[in-house]
Amino acid sequence: MYNQLVKENFGVTEGIFGECFSNFSVLLENLEMKGEYIASLVKSCLFGLIGEIALFSKIGKN
């Protein structure tokens, strides 16, 4: 009964990585975290890009 409830709400029957990975977007939508996840992903990419630019500008000056 509990497994069926979790399956209906979150799309997973077992808490294993493969099951969660396959239904990741469904999990995000049902937990109402999709917007936060995308914003966090964009922020991480921007910080990485800024770090990369700083590194290459430092290498270019030497």
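The rules behind each value
Residues numbered from 1 in each chain as written. Predicted model: local features only at pLDDT ≥ 70, side-chain atom pairs only at ≥ 80, totals over all residues. Heavy atoms only, no water. Helix = DSSP H or I, 4+ residues; strand = E, 2+ residues; numbered from the N terminus. Buried < 20%, exposed > 50% of the residue type's maximum accessible area, 1.4 Å probe, protein only. Areas by Shrake-Rupley, 256 points an atom, 1.4 Å probe, with all protein chains shown as cover. Patch = residues over 30% accessible without salt bridge, like charges linked within 9 Å, V, L, I, M, F, W, Y side chains within 5 Å. Salt bridge = Lys/Arg side-chain N within 4 Å of Asp/Glu carboxyl O. Phe/Tyr/Trp six-rings, centres within 6.5 Å; stacked < 30°, edge-to-face > 60°. pLDDT = per-residue confidence, 0-100.

Participant: Run through the overall build of the protein chain, naming residues and quoting values.
Facilitator: Along the backbone of the protein chain there are 4 helices and 0 strands. Counting across all 62 residues of the protein chain, residues that qualify as buried make up 10%. Summed over its atoms, the accessible surface of the protein chain is roughly 5,400 Å², and 65% of this surface lies on carbon and sulfur atoms.

Participant: Give a description of the environment of Val 12 that names residues and reports values.
Facilitator: With respect to the element layout, Val 12 can be found in the loop between α1 (2-10) and α2 (17-22). Classification of Val 12 by relative accessible area gives buried; the value is 7%. The spacing of Val 12 and Val 26 is 14 residues in sequence and 9.2 Å in space, taken between C-alpha atoms.

Participant: Give a description of a nonpolar patch on the surface that names residues and reports values.
Facilitator: A cluster of nonpolar side chains, namely Phe 24, Tyr 37, Ile 38, Leu 41, Val 42, Leu 46, Leu 49 and Ile 53, defines an oily patch on the protein surface of about 720 Å² accessible area. Tracing the backbone shows Val 42 in helix α4 (residues 34-61). Look at Val 42 and you get partly exposed, because its relative accessible area is 45%.

Participant: Outline unusual backbone geometry, supporting the account with residue identities and numerical values.
Facilitator: Positive phi, close to 55°, is recorded for Glu 32, a residue that is not glycine. Structurally, Glu 32 can be placed in the loop between α3 (24-30) and α4.

Participant: Residues and numbers for the packing of aromatic side chains, please.
Facilitator: Taken as a whole, this structure holds 2 aromatic pairs when the rule is applied. Summarising the aromatic geometry, the rings of Phe 17 and Phe 21 are spaced 5.6 Å apart at their centres and angled 25° between planes, so their arrangement reads as stacked. You can see Phe 17 and its partner Phe 21 sitting in helix α2, 4 residues apart, about one turn around the helix. By relative accessible area, which is 60% here, Phe 21 ends up exposed.

Participant: Now, about the confidence of the model for the protein chain: what can you tell me, with residues and values included?
Facilitator: Put simply, the protein chain has an average pLDDT of 84, and 89% of its residues get 70 or more. Mean pLDDT values over the elements of the protein chain span from 68, in α1, up to 94, in α4.

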